Amino acid sequence: MRLEQLGADRFNEMNRLGSIAFTYPISDPEQKPDPNDAQQQELLRGRERWGMIDEATGRLMGGMLLIDYQTRVGEHWVKLSGVGGVSTLPEYRRAGVIREVFRAVLPHMYEKGAALSGLYPFSHAFYRKFGYEAFGEQNDVSVG
């Protein structure tokens, strides 16, 4: 396994990975980022895609998206690195892929000046393994 910061050449693979992990359809699986499309480029700005590559096949096994944010803590604005799209192909699950991505990317976030990183987890227990903990208010809602 090797970690890569993914460029435009892996854009479709990352979209496919997300569509499998989060079960959403891709309208155009061959769509590539268009450097002339201002709206598309704005969506990509301030985002990094990181992926773990299977060295034997060159295939993307799993990865995540980092998004630059600012957030308020008290009266101060601090840099926050948003973590999203954390996903692994089914055949690579439980092989430590995401653990290795976090092991390499968390120090990168710190080096970029992020005071915090945040995510909306599917499972608090899963992300506690990487040092995450619930922070701030939690709202529980039930619909009856």
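Anything mentioned here points back to the structure above.
The sections below set out a description of the structure shown in this document. (Residues numbered from 1 in each chain as written. Predicted model: local features only at pLDDT ≥ 70, side-chain atom pairs only at ≥ 80, totals over all residues. Heavy atoms only, no water.)

## Let's talk about the sheet that holds strand β2 (residues 47-53)
Okay, so step 1: If you trace the five strands from one edge of the open sheet to the other, you get β1-β2-β3-β4-β5, paired in mixed fashion. The sheet is open, and its two borders are formed by β1 (2-6) and β5 (116-118), each paired with just one other strand. Strand-to-strand twist across the sheet, computed as the mean angle between neighbouring axes with direction ignored, equals 30°.
Okay, so step 2: Relative to β5, strand β4 (residues 76-88) is paired through three bridges, and the arrangement is parallel. Residue pairing across strands places serine 81 opposite serine 117, the latter belonging to β5.
Okay, so step 3: The strands touched by helix α3 (residues 97-111) are β1, β2, β3 (60-73), β4 and β5; relative to β3, the strand with the most contacts, the crossing angle is about 35°. (Pairing = 2+ DSSP bridges. Helix = DSSP H or I, 4+ residues; strand = E, 2+ residues; numbered from the N terminus. Axes fitted to C-alpha atoms, helices over the stretch in contact; angles between N-to-C directions. Contact = heavy atoms within 4.5 Å.)

## Considerations on the pattern of salt bridges
Okay, so step 1: For the structure shown, the criterion picks out seven salt bridges.
Okay, so step 2: For glutamate 4, the salt bridge is made with arginine 10, and the minimal N-O distance between the two is 3.8 Å.
Okay, so step 3: With a relative accessible area of 22%, glutamate 4 lands in the partly exposed category.
Okay, so step 4: A relative accessible area of 11% means that arginine 10 is categorised as buried.
Okay, so step 5: Put simply, arginine 103 and glutamate 100 hold a salt bridge, and the shortest N to O gap is 2.8 Å. Here arginine 103 pairs with glutamate 100, and both are found in helix α3, just three residues apart, close to one helical turn.
Okay, so step 6: A relative accessible area of 56% places arginine 103 in the exposed class. (Salt bridge = Lys/Arg side-chain N within 4 Å of Asp/Glu carboxyl O. Buried < 20%, exposed > 50% of the residue type's maximum accessible area, 1.4 Å probe, protein only.)

## Comments concerning the side chain of threonine 88
Okay, so step 1: Its location among the elements puts threonine 88 in strand β4.
Okay, so step 2: Excluding its chain neighbours within four sequence positions, the residues that come into contact with threonine 88 are Leu17, Met61, Gly62, Arg93, Val97 and Ile98.

## Considering the packing of aromatic side chains
Okay, so step 1: Tallying each qualifying case throughout the model produces four aromatic pairs.
Okay, so step 2: With 4.9 Å between their ring centres and 85° between their planes, phenylalanine 126 and tyrosine 127 make a pair best called edge-to-face.
Okay, so step 3: You can call phenylalanine 126 partly exposed: its relative accessible area is 23%.
Okay, so step 4: Overall, the relative accessible area of 7% leaves tyrosine 127 in the buried class. (Phe/Tyr/Trp six-rings, centres within 6.5 Å; stacked < 30°, edge-to-face > 60°.)

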